[in-house]
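# Results of the structural survey
Now for the letters of each chain:
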Amino acid sequence: MSDKPDLELALVQTGLAWHDPAANREHFQALLQQARGADLVILPEMFSTGFSMDSAELAEPENGPTTLWLREQAQAIGAVICGSLIIQAADGSYRNRLLWARPDGSLAHYDKRHLFRMAGEHKHYSAGDQQVVLELNGWRVRPLICYDLRFPVWSRDAGGTDLLIYTANWPGARRQHWNRLLPARAIENLCYVAAVNRIGEDGKGHGYTGDSQVLDFQGEALLAAGDGDGVFRARLSSEALAAYRERFPAHLDADTFTLS
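Residues numbered from 1 in each chain as written. Predicted model: local features only at pLDDT ≥ 70, side-chain atom pairs only at ≥ 80, totals over all residues. Heavy atoms only, no water.

An unreviewed UniProt entry lists the protein under the name Amidohydrolase, with Ectopseudomonas hydrolytica as the source organism.

Structure (structure tokens):
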């Protein structure tokens, strides 16, 4: 049995206005009203701009307008809201940074570790070097960003992650990879996975087919958004997770390793 309550998720899958943070904030603000009642609301990668390499032109400071907006929205709907945006860190570096905004106004963050070199991301951003584990209602949640999905070692956590989050701008040209790797991450980590992608076309002409989803610990879909536009909800059962781990404790035989 588990002593954690169930967790209500709201995944926001939609198109993004290219290089227009104000327009995206306005668009998401209306959608967030539909997410009321959720414990955790997940937005796409670079939700305020689209996936852009124009980091120097688009970066906001650590307490810039989108950060302040995100905190206000979390307080307004009484839920944690997360999603990544382009941030210039205090050391001057540019980061693809996921912000975790809590209803009490506090913030945590995760900087994308694996930068997508095929788009030159590694030339315009600095990589993060820390896995981040966040607590929400007793759940251990680890946020990751897009290309991180391809690297199973970075996704592994011997400490018992309950929920892996992938927030993404994953092009439709590689949707098969997205739809195959996500169940693998759930199965190998014996945990839930929630993945949010965008739809529509970006300013570079790349098309996105969505496929946002929530998977259980056996890789089975609890939610599949397809190419829909809007807010999609799923409830995670802590008792089901605990029962499965007791029946099939493969994590007890996992290899130990260190990350460098």
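## A short note on the sheet that holds strand E10 (residues 192-196)
Note: strands within a sheet are paired through backbone hydrogen bonds, in either parallel or antiparallel orientation. If you walk across this open sheet you meet the six strands as E7-E8-E9-E10-E13-E14, and the pairing is mixed. The sheet terminates laterally at strand E7 (134-136) and strand E14 (221-224), the two strands that pair on one side only. Each neighbouring strand pair of the sheet contributes to a mean axis angle of 20°, computed without reference to strand direction. (Pairing = 2+ DSSP bridges. Helix = DSSP H or I, 4+ residues; strand = E, 2+ residues; numbered from the N terminus. Axes fitted to C-alpha atoms, helices over the stretch in contact; angles between N-to-C directions.)

## Things to note about helix H3 (residues 65-77)
Its 13 residues give H3 an end-to-end C-alpha distance of 18 Å, which sits within 8% of 18 Å, the value for a rise of 1.5 Å per residue. Contacts made by the buried residues of H3 are with helix H1 (21-33), strand E2 (40-42), strand E3 (60-61), strand E4 (80-88), strand E5 (94-101) and strand E6 (107-111). Two residues or fewer past H3, Gly78 is found with a positive phi of approximately 70°. (Expected span 1.5 Å × (residues − 1). Contact = heavy atoms within 4.5 Å.)

## Examining the packing of aromatic side chains
A complete count under the given rule lists nine aromatic pairs for this structure. Note on Phe28 and Phe47: the rings are 5.7 Å apart at their centroids and 80° apart in plane angle, and the pair reads as edge-to-face. Taken together, the residues span a long stretch of sequence, with Phe28 in helix H1 and Phe47 in the loop between E2 and helix H2 (55-58) at a distance of 19 residues. Per residue, the accessibility class of Phe28 equals that of Phe47, and both read buried. Seen in terms of ring centroids, Tyr192 and Phe217 are 5.4 Å apart; in terms of plane orientation they differ by 70°. Their pairing is edge-to-face. Placement of the pair is Tyr192 in strand E10 and Phe217 in the loop between strand E13 (213-215) and E14, with a sequence separation of 25 residues. Considered together, Tyr192 and Phe217 belong to a single accessibility category, that of buried residues. In this structure an aromatic cluster arises from ring pairing among Trp139, Tyr192, Phe217, Tyr244 and Phe248. Positioned above the aromatic ring of Trp139, the side-chain terminus of Lys4 is 5.7 Å from the ring centre. When the ring centre of Trp154 is taken as reference, the NZ or CZ atom of Arg113 above it lies at 5.1 Å. (Phe/Tyr/Trp six-rings, centres within 6.5 Å; stacked < 30°, edge-to-face > 60°. Buried < 20%, exposed > 50% of the residue type's maximum accessible area, 1.4 Å probe, protein only. Lys NZ or Arg CZ within 6 Å of the ring centre and 35° of its normal.)

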